[in-house]
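Understanding the architecture of this molecule
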Amino acid sequence: FPSHDNRGELQQVFEENRMYVESLDDSKLGIKDYQLKPFEAIKDGYSKLDVSIDTKSKADDWFKEKQKEQNVEGKTSVLFTNHRKAPIELSIDAFEKHLTQKYIKDGRHKLVNHIPDVLASPDEVYVVQSAIGKYSYRYIKFYNDNPIIVITEIQAGDTPQAIKTW
């Protein structure tokens, strides 16, 4: 046997620039094909969303309370930890951006108190590369009303991930 056919000798599982899947039949990639239940059938097993933060001022109070809990009053950010105990920063700038009229109309302020929970115990986590080459994490946690996604940007060195949006 020629050695180029032996993946062990090559120490390469896949070849570069080779298509391994010629086509995907989307009709065979649904939840029924894998005997999975639809979200409507399982959603009652997830926690209900707490939307008690229903005003901009309550969201501001939440951020100030987090600063107080972390003993960083007057600082420009608060820290949370993800499921791997890595620090994740929510800056005052990112927080206040989500309290502008565009985001208030969207209801983002009602989700802010779920950010620590989404980061600490996500149901799914994805690494995504942007068009400009930056990497981010997408933390997803399902609630019986909706999923919440928190997107963080991966920073260089020892700088904590930064929350960009939710």
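Computed from a prediction, not measured in an experiment: that's the story for all the values here.

Here we take up a nonpolar patch on the surface. On the surface, a cluster of nonpolar side chains totalling about 270 Å² of accessible area is made up of Val127, Tyr135 and Ile154. Mapped onto the secondary structure, Ile154 falls in the loop between β5 (147–153) and β6 (161–165). Accessibility expressed as a relative area gives 34% for Ile154, which makes it partly exposed.

The next thing to look at is the nonpolar core. Soluble globular proteins: nonpolar side chains tend toward being buried together. Counting residues in each nonpolar core, the largest one holds 24 residues, and the members touching the most others are Leu90, Phe95, Ile115, Val150, Ile163 and Trp166. For this core, the secondary-structure elements that each account for two or more residues are α3 (56–69), β1 (77–81), β2 (87–91), α4 (92–97), α6 (115–120) and β5. Sequence-distant contacts of Leu90, that is, excluding residues within four places in its chain, are made with Trp62, Phe63, Thr76, Ser77, Val78, Phe80, Phe95, Ile115, Ile163 and Trp166.

With that settled, consider the environment of Phe39. Inspection of the secondary structure puts Phe39 in helix α2 (residues 39–42). The class of Phe39 is partly exposed, set by a relative accessible area of 30%. When the C-alpha positions of Phe39 and Asn146 are compared, they lie 9.9 Å apart, and in sequence the two are 107 residues distant. If sequence neighbours within four positions are ignored, Phe39 has contacts with Tyr46, Phe142, Tyr143 and Asn144.

Reading guide: rules and limits
- Residues numbered from 1 in each chain as written.
- Predicted model: local features only at pLDDT ≥ 70, side-chain atom pairs only at ≥ 80, totals over all residues.
- Heavy atoms only, no water.
- Patch = residues over 30% accessible without salt bridge, like charges linked within 9 Å, V, L, I, M, F, W, Y side chains within 5 Å.
- Areas by Shrake-Rupley, 256 points an atom, 1.4 Å probe, with all protein chains shown as cover.
- Salt bridge = Lys/Arg side-chain N within 4 Å of Asp/Glu carboxyl O.
- Helix = DSSP H or I, 4+ residues; strand = E, 2+ residues; numbered from the N terminus.
- Buried < 20%, exposed > 50% of the residue type's maximum accessible area, 1.4 Å probe, protein only.
- Core = buried A, V, L, I, M, F, W, Y, C linked by side-chain atoms within 4.5 Å.
- Contact = heavy atoms within 4.5 Å.

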